[in-house]
Amino acid sequence: DLLVRRVTLPPQASFSLGARFDVSFELYNLGKKAADSFDIEVRISADDIIDANDPLLTRVTLDGLDASTQTSETLPVVLPTTLNEGSYRIGVIATSPATTTETNTDNNVASSSRFDLVTLCYDPLEPNDGFEDAYPISASGTFSNLISCTTAADYYEICVDNGKKFSVSATF
């Protein structure tokens, strides 16, 4: 009997479309037998029911879990850019293979607290919040509508071929 608990996100009330962050959760095997490998799905839902109809953020297969043990897991996710603004939850679903008998499948799902998804400041070039993550701009041409959100600084790396001239015009 697999049990999913304590789905946690970074401590903030809202995220932007395309945001990248880690989802952490605890997983228990309440059974008296070791669980064979099983799938973990992380989904996002606008309602309180986390199921296969909700958009999939990531899926992984875990090797198994010994009887009467617990593990903590953390998985990276990216919020889809196709979602509407609103209130959401992140849900984690543990799915045992058909060869495994589950005594209670109702506890195979858990969800985070609600958060707001905002579309006002969607930056498709994230993550670019520091020198190490600066977004490289190397092609010639014009770049417009580069968004800098008030909640995060944005860095761009301008790559210029040797001997070439470049000019920059910035309007804020």
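It should be emphasised that the depicted structure is a prediction, and the values quoted were computed from it without experimental measurement.

## Digging into the nonpolar core
Inference 1: Ranked by size, the top nonpolar core spans 30 residues in total, and within it Val23, Leu27, Ile40, Leu79 and Ile90 carry the most contacts.
Inference 2: Sorting the residues of this core by element identifies strand S1 (2-8), strand S3 (20-29), strand S4 (38-45), strand S5 (56-62), strand S6 (69-78), strand S7 (86-95) and strand S9 (115-118) as the ones contributing at least two each.
Inference 3: Once you skip the residues sitting within four places of it in the chain, Leu27 turns out to touch Leu3, Val4, Phe38, Ile40, Leu62, Leu65, Thr69, Gln70, Thr71 and Ala94.

## What to know about the sheet that holds S1
Inference 1: Ordered by their spatial adjacency, three strands build an open sheet running S1-S3-S6, and the pairing between neighbours is antiparallel. Taken across any chain shown, the strands that pair with only one partner, and hence form the sheet edges, are S1 and S6. Mean inter-strand twist for the sheet, computed between neighbouring axes without regard to direction, equals 25 degrees.
Inference 2: Across five bridges, the pairing between S1 and S3 is antiparallel. Across the sheet, the residue bridging to Leu2 is Asn29, located in S3.

Calculation rules
- Residues numbered from 1 in each chain as written.
- Predicted model: local features only at pLDDT ≥ 70, side-chain atom pairs only at ≥ 80, totals over all residues.
- Heavy atoms only, no water.
- Core = buried A, V, L, I, M, F, W, Y, C linked by side-chain atoms within 4.5 Å.
- Buried < 20%, exposed > 50% of the residue type's maximum accessible area, 1.4 Å probe, protein only.
- Helix = DSSP H or I, 4+ residues; strand = E, 2+ residues; numbered from the N terminus.
- Contact = heavy atoms within 4.5 Å.
- Pairing = 2+ DSSP bridges.
- Axes fitted to C-alpha atoms, helices over the stretch in contact; angles between N-to-C directions.

Remember that the coordinates give geometry; whether it matters functionally is a separate question.
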